[in-house]
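Given next are the chains, with one letter for each unit.
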Protein chains: 2
Amino acid sequence: MAHDGSNNENSGSPKGKFDHLTSIAETMPSVILNIRGVESPEVHPDGRVTFRLYAPMAGQVNLHGNWMKGHGEWLDSSVPMSKCDDGVWSVTLGPLDPDIYNYRLGVDGLATVDPANPFVNASERNHSSRFEIPGPEPLIHDIARVPHGTVQILDYWSETLGVHREMYVYTPPGYEQREDSHPVLYLLHGTTQRENGWIEAGRANVIIDNLIVQAKAKPMIVVMPYGRAYPRIPVSDGSLGNWGNICLFEQELLAEIIPTVHKRFRIHIGPVNSAIAGLSGGGAESLVTGLKQPGKFAWVAGFSAAIDPSEFDHHFAGLRSDPKSANGLLKLLWIGCGTDDHLYDANETFHQWLTALQVKHTYRRTSGHHTFMVWRRYLAELASLLFR
Amino acid sequence: MAHDGSNNENSGSPKGKFDHLTSIAETMPSVILNIRGVESPEVHPDGRVTFRLYAPMAGQVNLHGNWMKGHGEWLDSSVPMSKCDDGVWSVTLGPLDPDIYNYRLGVDGLATVDPANPFVNASERNHSSRFEIPGPEPLIHDIARVPHGTVQILDYWSETLGVHREMYVYTPPGYEQREDSHPVLYLLHGTTQRENGWIEAGRANVIIDNLIVQAKAKPMIVVMPYGRAYPRIPVSDGSLGNWGNICLFEQELLAEIIPTVHKRFRIHIGPVNSAIAGLSGGGAESLVTGLKQPGKFAWVAGFSAAIDPSEFDHHFAGLRSDPKSANGLLKLLWIGCGTDDHLYDANETFHQWLTALQVKHTYRRTSGHHTFMVWRRYLAELASLLFR
């Protein structure tokens with residue numbers, strides 16, 4: 001197959017077509033971009049963190065962190081960074097508690113990721129950078145020297161939506177070497193996130209690995225689909241608990257996702273082996289779909305769910321008309337929200353609404369904002385309760 | 001397990017500790033960040049593309065595209081964007097040929113990703129955004145309604161480097177349903193990229209799926225490890241063909257990665273079933289490691305390899321001292337580089353060096369820059385030649 005000497009062929013690369021762009025480029029003023037190497041963020045041993053950005057032409061640079069007090073998109077709280085003579089802006093904060101944090105840099109009002117930080121939470125509207133403060137004791141999201149499950153990226157064709165889709169699927173340690181089946185958790189991301197959100201930012205696989213090795217969770221399969229009915233619902237339409245999206249996604253889940261994973265993986269059937277949980281917009285999806293289908297999912301959870309009290313009677317009509325059925329079918333209805341979350345009032349109201357209907361549920365009123373710092377802990381707690 | 005009523009516990013979220021940050025935030029001038037919804041990029045049916053950025057305070061915004069003529073980091077070529085009254089900058093370019101492109105926005109000299117574009121190529125030094133121009137005919141990287149292989153994200157512990165690592169592993173369609181073994185391609189990313197580079201930007205899984213269904217490639221397993229010897233070699237030390245990194249990564253590959261995948265997957269053993277290929281810095285790794293170990297890899301390829309002519313005699317000492325052995329053991333030595341690539345001269349010199357030594361090889365001198373537009377095509381060509 002090997003042969004000697006050269007073999008010159010064009011690879012079909014798009015050269016001539018762009019010559020007009022090249023000539024524009026050559027006549028414009030030259031701007032040197034930031035490819036200068038600065039270290040950012042630098043995590044100090046005591047938990048303080050230094051952020052740096054080379055931006056000599058900027059007039060103001062702010063650091064927006066998801067640990068700062070604020071609402072929802074956590075863009076209204078920030079600390080200013082200071083400019084040094086060399087054009088590098090910096091600020092040192094903390095010490096911060098051991099955890100995983102997100103931040104953005106605000107450069108003259110434009111929100112950007114940190115160009116020096118390789119860890120990016122890519123999202124559908126604004127991206128953020130990520131860093132980790134290690135602790136003296138291992139945290140539940142810390143990658144440990146324990147048996148690891150596998151995360152698979154599965155491509156499938158959705159007839160419902162007429163598009164190719166990806167889902168992330170976690171199988172527990174040793175799955176490939178055994179023949180036994182497992183219960184399944186459908187775990188949904190929030191609005192602006194994607195199917196990789198619970199892995200990259202949420203560390204769901206690491207959390208479940210750690211719980212399994214400590215015998216705090218049963219081995220389970222975790223299915224993380226893309227949770228929006230795009231393109232039939234535009235990605236930009238991310239309003240609170242978008243009803244059209246919830247209904248269409250339910251169809252996608254029932255007609256495409258569940259049959260695909262049951263065909264592909266060894267999954268125990270039946271509602272007591274099926275859980276659905278999600279965060280924010282995905283929390284609304286999991287509560288609506290799960291509570292409409294208690295015959296399908298006996299375990300239902302919403303983390304900081306994006307639910308709207310004025311729509312409860314409509315969105316949860318089945319539960320409202322027959323709460324006793326739900327109490328009989330559900331093994332667990334779990335709701336959690338941080339008191340600094342912009343969705344706290346809505347979740348508090350949902351808890352009261354459920355209580356008035358005498359629907360059995362667990363309600364966690366915790367500290368925290370609308371962030372993965374809260375949701376990772378919620379997942380660890382929920383996973384330890386499931387399938388018992 | 002379910003119980004009634006509320007259950008208020010703190011989740012341990014880091015609240016009180018950040019109160020001092022909050023108070024800083026509350027006294028600083030308010031800056032409204034860009035969370036305004038603009039559509040960017042907008043791909044028009046004729047292949048033109050409109051890029052938009054809301055940045056009312058910026059003095060200059062440029063678009064830096066990897067299809068523009070330039071060198072290496074493709075940051076020295078750009079087109080200016082124009083500001084409208086509403087603070088949105090925009091430019092319309094093209095038409096561009098059907099392909100997948102990368103770009104960055106230069107805002108007053110700071111390189112950023114497009115905040116409106118969900119598709120980010122995250123890297124170790126600068127990130128870019130990605131868009132796709134569909135074509136009238138399917139391209140080899142287009143996701144088609146064909147059987148798909150699976151991509152697994154595998155966690156492993158590296159004794160060699162003393163760190164947790166991830167690798168991406170592609171198994172061909174139907175792998176889980178069968179019992180047969182396959183040959184293996186070790187496919188390495190470039191400097192500043194990571195183990196997901198060949199999947200997210202390179203579409204290696206899609207390309208191999210499409211080639212297999214067309215009977216143009218043999219079913220194979222593709223292993224995509226993280227290709228740097230971090231932390232023993234700092235990530236920031238990305239110099240051309242960093243020799244320390246190449247030697248340590250070779251150790252990681254032979255002692256950790258290959259045993260791990262042989263234990264985990266059904267792989268045909270022996271050099272004729274083992275290929276190694278890589279792009280740029282990973283091209284240097286694949287050429288050095290592959291040509292040093294022709295008894296391990298009978299198929300060796302470098303795509304725009306980051307090799308240094310002044311080091312050929314040192315880096316390829318074994319080949320130089322015994323080219324006849326290599327000719328006997330290698331099934332294919334494949335080298336390709338675009339004529340507009342900053343590494344073109346080095347690869348041309350390597351071709352001449354091999355020719356002078358009478359080492360059998362295939363050399364592709366193609367059009368194109370140092371981009372995935374070239375490397376996707378190289379992978380498609382290489383994969384069709386492997387394991388025949």
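Residues numbered from 1 in each chain as written. Chains lettered and ligands numbered in written order. Predicted model: local features only at pLDDT ≥ 70, side-chain atom pairs only at ≥ 80, totals over all residues. Heavy atoms only, no water.

1. Focus: the packing of aromatic side chains
Residues and elements named next belong to chain A. Across all of its chains, the model carries 44 aromatic pairs over all chains by this definition. Taken together, W198, F303, W334, F372, W375 and Y378 form an aromatic cluster joined through their ring pairs. Across from the ring centre of Y175, 4.0 Å away, lies the NZ or CZ of R266, which sits over that ring. (Phe/Tyr/Trp six-rings, centres within 6.5 Å; stacked < 30°, edge-to-face > 60°. Lys NZ or Arg CZ within 6 Å of the ring centre and 35° of its normal.)

2. A look at the environment of P323(A)
All names here are of chain A. Along the chain, the position of P323 falls in helix α8 (residues 323–329). Look at P323 and you get buried, because its relative accessible area is 16%. Along the chain, P323 and P219 lie 104 residues apart, while their C-alpha atoms are 31 Å from each other. Residues within four places of P323 in sequence aside, it is in contact with L357 and V359. (Helix = DSSP H or I, 4+ residues; strand = E, 2+ residues; numbered from the N terminus. Buried < 20%, exposed > 50% of the residue type's maximum accessible area, 1.4 Å probe, protein only. Contact = heavy atoms within 4.5 Å.)

3. A closer look at the pattern of salt bridges
All names here are of chain A. In the structure shown here, the tally under the stated rule is 28 salt bridges over all chains. A salt bridge links R365 to E348; its shortest N-O distance comes to 2.8 Å. Of this pair, R365 sits in strand β19 (residues 362–366) while E348 is found in helix α9 (residues 344–356), placing the two residues 17 residues apart along the sequence. Look at E348 and you get buried, because its relative accessible area is 13%. Shared partners join several salt bridges into a network, and the residues in it are D99, R376 and R377. (Salt bridge = Lys/Arg side-chain N within 4 Å of Asp/Glu carboxyl O.)

4. Considerations on the packing of helix α3 (residues 204–213) of chain A against helix α10 (residues 372–385) of chain A
Residue and element names in this part refer to chain A. At their nearest, the axes of α3 and α10 sit 10 Å apart, and the two run at 40 degrees to each other. By the angle between their directions, the pair α3 and α10 is classed as oblique. For the pair α3 and α10, the crossing hand works out as right-handed. Along the contact surface, α3 presents A204, I207, I208 and L211, while α10 presents R376, L379, A380 and A383. Residue composition of the contact of α3 with α10, by class: 7 nonpolar, no polar and 1 charged. (Axes fitted to C-alpha atoms, helices over the stretch in contact; angles between N-to-C directions. Parallel < 35°, antiparallel > 145°, perpendicular 65-115°, else oblique. Left-handed = near helix turned anticlockwise from the far one by under 90°. Nonpolar A, V, L, I, M, F, W, Y, C, P; charged D, E, K, R; others polar.)

5. Structural notes on the nonpolar core
Of all hydrophobic cores here, the largest spans 76 residues; its most connected members are W198(A), F303(A), W198(B) and F303(B). Those residues within four positions of W198(B) in sequence are excluded, and the remaining contacts are L187(B), L188(B), H189(B), R203(B), A204(B), M224(B), L279(B), F303(B), F372(B), W375(B) and L379(B). (Core = buried A, V, L, I, M, F, W, Y, C linked by side-chain atoms within 4.5 Å.)

6. As for helix α3 (residues 204–213) of chain B
Owing to its 3.6 residues per turn, the α-helix aligns residues three or four sequence positions apart on the same side. Residue and element names in this part refer to chain B. Summarising burial for α3: 9 of the 10 residues are buried, a large majority. The complete set of buried residues in α3 reads A204, N205, V206, I207, I208, D209, N210, L211 and I212. A215 lies just past α3 and shows a positive phi near 60 degrees.

7. Observations concerning helix α5 (residues 281–292) of chain A
In a regular helix each residue adds 1.5 Å, so 12 residues correspond to 16 Å; α5(A) covers 17 Å between its end C-alpha atoms and thus fits that length. Taken as a whole, α5(A) has its buried residues at G281(A), G282(A), G283(A), A284(A), E285(A), S286(A), L287(A), V288(A), T289(A), G290(A) and L291(A). (Expected span 1.5 Å × (residues − 1).)

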